[in-house]
Amino acid sequence: MLEEIGGSMFSENNQISGRQVFRLLTYDFLGMGTLLLPTMLADTAGRDGIFCILAGILSTFLYLKLLRYLLKGMKTSYPDFLKQKCGKVCGYVLWGGYFLYFILMASYTAYLFSTLMLNGLVENISFYLVLLLILLLAFYGMAGGIEGRARVYEMLFWFLMIPLFLMLFAACREVKPAYWSPVFVADGKEMLNGSYYVFFCYSMVSIVLFLKEYVSDDKKHISAAEKAVGFSGGVFAALYLILIGLFGVEALAQMKFPAVTMMSRVQVTGGFFHMTLSNVTILPENSCNRDIREMRANDLVLKIEEPVIRSLVREGYKVYDANGALLRTCEDEVIDQAAWNEAIRSFADGSVYALKQEGENYIFEIDAPDEEEYVLAVSGTHNTASWDRFLNK
């Protein structure tokens, strides 16, 4: 996004096609929207967030209709057009507002991707160093001119989109459609807030006003923007439905980067999740129990075939004083996938005080040695249990 503005300020006589405008805008929309919208929509509108996506797309199309009308009378660059229509002072003020908006959006995007890299790709590196590298990369792209950037985006488009589609397709096999209902439960304020979030994500479409002088066919860049909105909107809708179907709306509302979590959990079928349990009661109806009474087993190995960790939650608690008055409440915390390994290591020597199966999900309730309590949900296609011998209970 910042790169396009940079191109408008520094490029000379560069021309790009409508198709390149479509791909530039698609990257801009998907880059921030896929990271932020799912959590924001789940937190405000829940399962009705899908309708907020549709409302936001419709609002953006109406906004583009307004921009199309505005561009019909624009024969110069947009900054010059503002000065001609509004006067020099007012034109500079309006241009400064646009500039500030795009700078803030670009700054937040840089911060967002720096945080993402630190959470999921690199560790023990200074945040400011990562941010500096991202900014240097952005300025390098600006120096190359908008035409050069558009050609790079055009070549990379399907190399990036095809893996995304394959990832979404692979995640579909784990989706539970029951998580999509009930719908039409959000109130008007929640729907309005959710729709605003979607529209705000698309608000950067205003950049088409500055691209007019760089598009070889100036009649096509609004059409390209409309195609980018429709294409990215379809991705948003599919992604949101998949994330709701994977995690449920309550867990999704608490995740930081759910799309990244989804991509990290999609895996090739095969493998086992196993847990060693002690002091396990073997019921009389168990086919391996030759006795008519309850027996006990130690070092029982429970294996779950084709496992997928669905969620990991650190359970909340309440603190009371000696008189029974509530001092504070600590809510349940849904742990991001990036922190799963660390959390699992913390309760590796803990106690499983409850284990139940809900459909394909195995729910482990665990007391960790550090006095924290966790709920681990793992899905699988089949389970087996093995142990060496029976013990008297």
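Residues numbered from 1 in each chain as written. Predicted model: local features only at pLDDT ≥ 70, side-chain atom pairs only at ≥ 80, totals over all residues. Heavy atoms only, no water.

Observations concerning the overall build of the protein
Reasoning step 1: Counting its regular elements, the protein contains 13 helices and 13 strands.
Reasoning step 2: Scaling as 2.2 N^0.38, a compact globule of 393 residues should have a C-alpha radius of gyration of about 21 Å, whereas the protein reaches 27 Å, well beyond that.
Reasoning step 3: Its C-alpha atoms put the protein at 90 × 55 × 45 Å along the principal axes.
Reasoning step 4: Expressed as a percentage of its 393 residues, the buried residues of the protein come to 43%.
Reasoning step 5: Look at the contacts in the protein between residues 6 or more apart in sequence, and 72% of them connect residues 24 or more apart. (Helix = DSSP H or I, 4+ residues; strand = E, 2+ residues; numbered from the N terminus. Rg over C-alpha atoms; globule rule 2.2 N^0.38 Å. Buried < 20%, exposed > 50% of the residue type's maximum accessible area, 1.4 Å probe, protein only. Contact = heavy atoms within 4.5 Å.)

Some points on the pairing of strand 4 (residues 300-305)
Reasoning step 1: Going residue by residue along strand 4, you find Leu300, Leu302 and Ile304 tucked away on one face and Val301, Lys303 and Glu305 left uncovered on the opposite face.
Reasoning step 2: When strand 4 meets strand 12 (residues 382-386), the two strands line up antiparallel, connected through five bridges. In the strand pairing of strand 12, Glu305 is matched with His382. (Pairing = 2+ DSSP bridges.)

Re unusual backbone geometry
Reasoning step 1: In this model, Ser181 is joined to Pro182 through a cis peptide bond whose omega is 5°.
Reasoning step 2: On the secondary structure map, Pro182 appears in the loop between helix 7 (145-171) and helix 8 (188-202).

Focus: helix 4 (residues 78-86)
Reasoning step 1: Listed in full, the buried residues belonging to helix 4 are Tyr78, Phe81 and Leu82. In an axial view of helix 4, the angular spread of the buried residues amounts to 100°, which keeps them on one side of the axis.
Reasoning step 2: Two residues or fewer past helix 4, Gly87 is found with a positive phi of approximately 95°. (Arc of directions from axis to C-beta.)

Digging into the sheet that holds strand 3 (residues 295-297)
Reasoning step 1: Pairing within the open sheet is antiparallel, and its three strands lie in the order 2-3-13. Here the strands that pair on one side only, and so sit at the sheet edges, are strand 2 (280-282) and strand 13 (391-392).
Reasoning step 2: Note: strand 3 against strand 13, two bridges, orientation antiparallel. Residue Met295 lies in a different strand from strand 13, and its bridge partner there is Asn392.

Overview of the packing of helix 2 (residues 18-44) against helix 7
Reasoning step 1: Where helix 2 contacts helix 7, the axes come no closer than 9 Å and their chain directions differ by 60°. It follows from the interaxial angle that helix 2 and helix 7 lie oblique. At the point where helix 2 passes helix 7, the crossing takes the left-handed sense. When helix 2 is examined against helix 7, the residues Arg19, Gln20, Phe22, Arg23, Leu24, Thr26, Tyr27 and Leu30 are found in contact with a partner set consisting of Ala150, Arg151, Tyr153, Glu154, Leu156, Phe157, Trp158, Leu160 and Met161.
Reasoning step 2: Split by residue class, the contact of helix 2 with helix 7 holds eleven nonpolar, two polar and four charged. (Axes fitted to C-alpha atoms, helices over the stretch in contact; angles between N-to-C directions. Parallel < 35°, antiparallel > 145°, perpendicular 65-115°, else oblique. Left-handed = near helix turned anticlockwise from the far one by under 90°. Nonpolar A, V, L, I, M, F, W, Y, C, P; charged D, E, K, R; others polar.)

Some remarks on the packing of aromatic side chains
Reasoning step 1: Here the structure, examined in full by the defined rule, presents 21 aromatic pairs.
Reasoning step 2: For the pair Tyr63 and Phe199, a centre-to-centre distance of 5.9 Å together with 80° between the ring planes defines the contact as edge-to-face. Of this pair, Tyr63 sits in helix 3 (residues 49-72) while Phe199 sits in helix 8, and the two are 136 residues apart along the sequence.
Reasoning step 3: Relative accessible area serves as the criterion here: at 26%, Phe199 is assigned to the partly exposed category.
Reasoning step 4: Their ring planes at 55° and their centres at 6.3 Å tell us that Tyr196 and Tyr197 sit as a pair that is tilted.
Reasoning step 5: Tyr196 sits in the partly exposed class, given a relative accessible area of 48%.
Reasoning step 6: Of the residues examined, Tyr197 reaches a relative accessible area of 26% and is grouped as partly exposed. (Phe/Tyr/Trp six-rings, centres within 6.5 Å; stacked < 30°, edge-to-face > 60°.)

Some details on the environment of Leu300
Reasoning step 1: Here Leu300 lies in strand 4.
Reasoning step 2: Residue Leu300 is classed as buried on the basis of its relative accessible area of 5%.
Reasoning step 3: Expressed as a C-alpha distance, the spacing of Leu300 and Ala385, which sit 85 residues apart in the sequence, is 6.6 Å.
Reasoning step 4: Apart from the residues lying within four places of it in its own chain, the contact partners of Leu300 are Met275, Thr276, Leu277, Val280, Ile282, Ala385, Ser386 and Trp387.

Thoughts on the confidence of the model for the protein
Reasoning step 1: Overall, the predicted model of the protein reaches an average pLDDT of 81, with 90% of residues at or above 70.
Reasoning step 2: Model confidence for the protein, summarised as mean pLDDT per element, is weakest for helix 1 (residues 2-10) at 42 and strongest for helix 8 at 94.
Reasoning step 3: When the criterion is pLDDT under 50, residues 1-12 qualifies, and its contacts beyond four places in sequence or with other chains add up to 37 contacts. (pLDDT = per-residue confidence, 0-100.)

Thoughts on the sheet that holds strand 9 (residues 351-358)
Reasoning step 1: Spatial ordering of the open sheet is given by 8-5-11-10-9, a layout of five strands whose pairing is antiparallel. Edge positions in the sheet fall to strand 8 (333-334) and strand 9, since each has one partner strand and no second.
Reasoning step 2: Inspection of the sheet shows strand 9 paired to strand 10 (residues 361-367) by seven bridges, in the antiparallel sense. Each bridged residue has a counterpart across the sheet, and for Lys356 the counterpart in strand 10 is Ile363.

Description of the environment of Phe390
Reasoning step 1: Here Phe390 is to be found in the loop between strand 12 and strand 13.
Reasoning step 2: Assessed through its relative accessible area of 30%, Phe390 is described here as partly exposed.
Reasoning step 3: The sequence separation of Phe390 and Ser203 amounts to 187 residues, and the corresponding C-alpha distance is 66 Å.
Reasoning step 4: Those residues in contact with Phe390 that lie beyond four places of it in its chain are Ile282, Cys288, Asn289, Met295 and Arg296.

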